[in-house]
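Here is what each chain is made of, one letter per residue.
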Amino acid sequence: LPTVISESDSRVSQLESEIKTLQQTNNELTDRLSKAPSTPGTAEDPYLLVVKKPYGMQNFLSENRVTLDQFEFVADANKASLKFQIISSTPEKRVTGHVLVFMISENGIMGYPKETNNSLTEGVKFSSGEPFAVSRLRPTNAEFITKLTTGSTAKFLIYIFSREGDLLLIRETEAFKVGAK
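Residues numbered from 1 in each chain as written. Predicted model: local features only at pLDDT ≥ 70, side-chain atom pairs only at ≥ 80, totals over all residues. Heavy atoms only, no water.

### Let's talk about the sheet that holds strand β6 (residues 137-145)
- An order of β1-β2-β6 is seen for the three strands of this open sheet, with the pairing classed as antiparallel. Of all strands in the sheet, those with a lone pairing partner are β1 (66-75) and β6, marking the two edges. When strand polarity is set aside, the average angle formed by the axes of neighbouring strands in this sheet is 20°.
- Judged from the nine bridges that link them, strand β2 (residues 79-88) and β6 form a sheet pairing that is antiparallel. In the sheet register, L82 faces β6, and the bridge partner there is A142. (Pairing = 2+ DSSP bridges. Helix = DSSP H or I, 4+ residues; strand = E, 2+ residues; numbered from the N terminus. Axes fitted to C-alpha atoms, helices over the stretch in contact; angles between N-to-C directions.)

Dropping the structure here:
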(Lines give C-alpha, C1' and ligand atoms only; values in the text may rest on other atoms or scores of the structure.)
Protein backbone atom coordinates (compact mmCIF):
# COMPACT_ATOMS: atom_id res chain seq x y z
CA LEU A 1 0.00 0.00 0.00
CA PRO A 2 1.23 3.49 -0.72
CA THR A 3 2.09 5.71 2.24
CA VAL A 4 1.24 9.36 2.48
CA ILE A 5 4.20 11.63 3.07
CA SER A 6 3.44 15.14 4.11
CA GLU A 7 5.32 18.27 5.09
CA SER A 8 4.44 17.70 8.71
CA ASP A 9 6.36 14.39 8.76
CA SER A 10 9.68 16.15 8.14
CA ARG A 11 8.82 18.80 10.72
CA VAL A 12 8.01 16.12 13.31
CA SER A 13 11.34 14.36 12.71
CA GLN A 14 13.17 17.69 12.96
CA LEU A 15 11.48 18.46 16.29
CA GLU A 16 12.23 14.96 17.59
CA SER A 17 15.89 15.51 16.71
CA GLU A 18 15.92 18.85 18.55
CA ILE A 19 14.32 17.22 21.62
CA LYS A 20 16.99 14.50 21.62
CA THR A 21 19.77 17.12 21.41
CA LEU A 22 18.23 19.18 24.22
CA GLN A 23 17.85 16.12 26.44
CA GLN A 24 21.50 15.20 25.87
CA THR A 25 22.66 18.76 26.70
CA ASN A 26 20.43 18.79 29.79
CA ASN A 27 21.92 15.50 31.00
CA GLU A 28 25.47 16.79 30.50
CA LEU A 29 24.75 20.00 32.40
CA THR A 30 22.98 18.12 35.22
CA ASP A 31 26.01 15.85 35.53
CA ARG A 32 28.37 18.84 35.69
CA LEU A 33 26.25 20.61 38.30
CA SER A 34 26.13 17.50 40.48
CA LYS A 35 29.90 17.67 40.88
CA ALA A 36 31.05 20.02 43.62
CA PRO A 37 33.61 22.61 42.53
CA SER A 38 37.18 21.94 43.49
CA THR A 39 38.64 23.99 46.27
CA PRO A 40 39.84 27.38 45.02
CA GLY A 41 43.51 28.14 44.65
CA THR A 42 44.88 24.77 43.56
CA ALA A 43 48.01 24.80 41.44
CA GLU A 44 46.26 23.68 38.24
CA ASP A 45 43.50 26.30 38.56
CA PRO A 46 44.01 29.49 36.57
CA TYR A 47 43.93 32.80 38.34
CA LEU A 48 40.27 33.88 38.30
CA LEU A 49 40.67 37.18 40.24
CA VAL A 50 37.11 38.14 41.29
CA VAL A 51 35.32 35.59 39.07
CA LYS A 52 33.52 32.77 40.90
CA LYS A 53 34.65 29.40 39.60
CA PRO A 54 31.67 27.83 37.79
CA TYR A 55 30.54 24.37 38.90
CA GLY A 56 32.08 21.74 36.67
CA MET A 57 34.30 24.28 34.90
CA GLN A 58 36.71 22.72 32.44
CA ASN A 59 39.92 24.48 31.51
CA PHE A 60 40.22 24.79 27.71
CA LEU A 61 43.01 27.41 27.74
CA SER A 62 45.45 25.09 25.97
CA GLU A 63 43.00 24.44 23.11
CA ASN A 64 43.09 28.08 21.90
CA ARG A 65 39.45 28.04 20.80
CA VAL A 66 39.46 31.85 20.69
CA THR A 67 42.16 34.51 20.53
CA LEU A 68 42.19 38.29 20.87
CA ASP A 69 43.65 40.87 18.55
CA GLN A 70 43.60 44.55 17.51
CA PHE A 71 43.65 46.12 20.98
CA GLU A 72 42.88 49.83 21.15
CA PHE A 73 42.76 51.83 24.38
CA VAL A 74 40.93 55.18 24.47
CA ALA A 75 40.58 57.39 27.53
CA ASP A 76 38.26 60.42 27.49
CA ALA A 77 37.41 62.86 30.29
CA ASN A 78 34.91 60.57 32.04
CA LYS A 79 35.42 57.13 30.54
CA ALA A 80 38.00 54.64 29.35
CA SER A 81 37.42 51.94 26.78
CA LEU A 82 39.28 48.93 25.46
CA LYS A 83 38.36 47.81 21.96
CA PHE A 84 39.44 44.42 20.67
CA GLN A 85 38.46 41.56 18.36
CA ILE A 86 37.48 38.07 19.54
CA ILE A 87 38.70 35.63 16.88
CA SER A 88 37.53 32.04 16.56
CA SER A 89 40.21 29.48 15.76
CA THR A 90 37.58 27.27 14.10
CA PRO A 91 35.58 29.42 11.62
CA GLU A 92 33.46 26.43 10.60
CA LYS A 93 32.15 26.04 14.18
CA ARG A 94 30.51 28.91 16.04
CA VAL A 95 31.76 29.63 19.57
CA THR A 96 29.30 31.13 22.07
CA GLY A 97 29.82 32.32 25.60
CA HIS A 98 30.42 35.28 27.88
CA VAL A 99 33.25 37.82 27.99
CA LEU A 100 34.28 39.64 31.19
CA VAL A 101 36.80 42.50 31.21
CA PHE A 102 38.37 43.99 34.33
CA MET A 103 40.29 47.27 34.32
CA ILE A 104 42.97 47.65 36.97
CA SER A 105 44.10 51.24 37.52
CA GLU A 106 44.97 53.72 40.27
CA ASN A 107 41.20 53.89 40.92
CA GLY A 108 41.07 50.17 41.77
CA ILE A 109 39.36 47.43 39.82
CA MET A 110 36.30 47.91 37.62
CA GLY A 111 34.35 45.37 35.60
CA TYR A 112 32.67 45.23 32.22
CA PRO A 113 29.77 44.87 31.72
CA LYS A 114 29.15 47.56 34.33
CA GLU A 115 26.63 45.38 36.21
CA THR A 116 29.54 43.19 37.35
CA ASN A 117 30.79 46.04 39.56
CA ASN A 118 27.91 45.32 41.97
CA SER A 119 29.26 41.84 42.73
CA LEU A 120 33.03 42.41 42.81
CA THR A 121 33.28 41.77 46.55
CA GLU A 122 31.31 38.48 46.65
CA GLY A 123 32.51 37.24 43.26
CA VAL A 124 31.31 37.75 39.70
CA LYS A 125 29.41 34.96 37.96
CA PHE A 126 30.76 34.05 34.52
CA SER A 127 27.24 34.34 33.09
CA SER A 128 27.08 38.05 33.98
CA GLY A 129 29.62 38.70 31.21
CA GLU A 130 28.58 40.11 27.86
CA PRO A 131 27.09 37.30 25.77
CA PHE A 132 28.80 36.70 22.43
CA ALA A 133 28.78 34.39 19.46
CA VAL A 134 31.66 34.28 17.00
CA SER A 135 32.31 32.31 13.84
CA ARG A 136 35.24 34.34 12.50
CA LEU A 137 35.70 37.55 14.48
CA ARG A 138 33.64 39.78 16.71
CA PRO A 139 34.42 43.36 17.78
CA THR A 140 34.09 44.15 21.47
CA ASN A 141 34.10 47.56 23.14
CA ALA A 142 34.51 47.40 26.93
CA GLU A 143 33.64 50.82 28.41
CA PHE A 144 34.40 51.94 31.96
CA ILE A 145 32.91 55.11 33.47
CA THR A 146 35.88 56.56 35.34
CA LYS A 147 38.27 59.49 35.40
CA LEU A 148 41.86 58.56 34.69
CA THR A 149 44.53 61.20 35.14
CA THR A 150 46.96 61.89 32.31
CA GLY A 151 50.10 59.85 32.78
CA SER A 152 48.41 57.15 34.86
CA THR A 153 48.26 53.57 33.62
CA ALA A 154 45.53 50.99 33.23
CA LYS A 155 45.78 47.32 32.37
CA PHE A 156 43.02 44.88 31.59
CA LEU A 157 42.23 41.27 32.39
CA ILE A 158 39.95 39.57 29.88
CA TYR A 159 38.13 36.32 30.62
CA ILE A 160 36.17 34.37 28.04
CA PHE A 161 33.92 31.51 29.14
CA SER A 162 31.82 29.17 27.02
CA ARG A 163 28.08 29.36 27.60
CA GLU A 164 28.41 26.23 29.78
CA GLY A 165 31.01 27.89 32.03
CA ASP A 166 34.19 26.38 30.63
CA LEU A 167 37.22 28.65 30.60
CA LEU A 168 38.31 29.42 27.04
CA LEU A 169 40.72 32.33 27.50
CA ILE A 170 42.44 34.55 30.06
CA ARG A 171 44.43 37.48 28.70
CA GLU A 172 46.24 40.24 30.56
CA THR A 173 47.03 43.26 28.45
CA GLU A 174 50.03 45.51 28.61
CA ALA A 175 49.75 48.57 30.84
CA PHE A 176 48.26 51.38 28.74
CA LYS A 177 49.39 54.92 29.60
CA VAL A 178 46.65 57.56 29.63
CA GLY A 179 47.39 60.36 27.19
CA ALA A 180 49.98 58.36 25.23
CA LYS A 181 49.50 57.92 21.49
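### Section: the pairing of strand β8 (residues 167-172)
- Of the pairings in the sheet, the one linking strand β7 (residues 153-162) to β8 comprises five bridges and is antiparallel in character. For L157, the partnering residue across the bridge sits in β8 and is E172.
- Counted along the chain from β7 to the antiparallel partner β8, the turn is four residues long, and its residue G165 has a positive phi close to 100°.

### A look at the pattern of salt bridges
- Summed over the entire model, instances satisfying the criterion amount to five salt bridges.
- One salt bridge connects E63 with R65, and the closest N-O pair in it is separated by 2.8 Å.
- We classify R65 as partly exposed; its relative accessible area is 30%.
- Residues E143 and K79 are paired through a salt bridge, measuring 3.3 Å at the closest nitrogen-oxygen approach. (Salt bridge = Lys/Arg side-chain N within 4 Å of Asp/Glu carboxyl O. Buried < 20%, exposed > 50% of the residue type's maximum accessible area, 1.4 Å probe, protein only.)

### Thoughts on the side chain of T116
- Relative to the assigned elements, T116 resides in the loop between β4 (108-112) and β5 (130-134).
- Its relative accessible area of 1% is what places T116 among the buried residues.
- Dropping the residues within four chain positions of it, T116 is found in contact with L100, G111, V124 and S128. (Contact = heavy atoms within 4.5 Å.)

### As for the packing of aromatic side chains
- Within this structure, the stated rule accounts for eight aromatic pairs.
- Among the aromatic residues, ring-to-ring pairing joins F73, Y112, F144, F156 and F176 into one connected group.
- Sitting over the ring of F60, R65 keeps its end group 3.9 Å from the ring centre. (Phe/Tyr/Trp six-rings, centres within 6.5 Å; stacked < 30°, edge-to-face > 60°. Lys NZ or Arg CZ within 6 Å of the ring centre and 35° of its normal.)

### Points about unusual backbone geometry
- The step from Y112 to P113 runs through a cis peptide bond, and the omega angle for that step is 0°.
- Mapping P113 onto the fold places it in the loop between β4 and β5.
- If you check the backbone angles, Q70 has positive phi at about 55° while not being a glycine.
- With respect to the secondary-structure elements, Q70 resides in strand β1.
- The class of Q70 is exposed, set by a relative accessible area of 52%.

### Brief notes about the confidence of the model for the chain
- Averaged over every residue, the pLDDT of the chain is 83; the share at 70 or more is 86%.
- Note that pLDDT drops below 50 for residues 38-43; the model gives that stretch four contacts with residues more than four away or on any other chain. (pLDDT = per-residue confidence, 0-100.)

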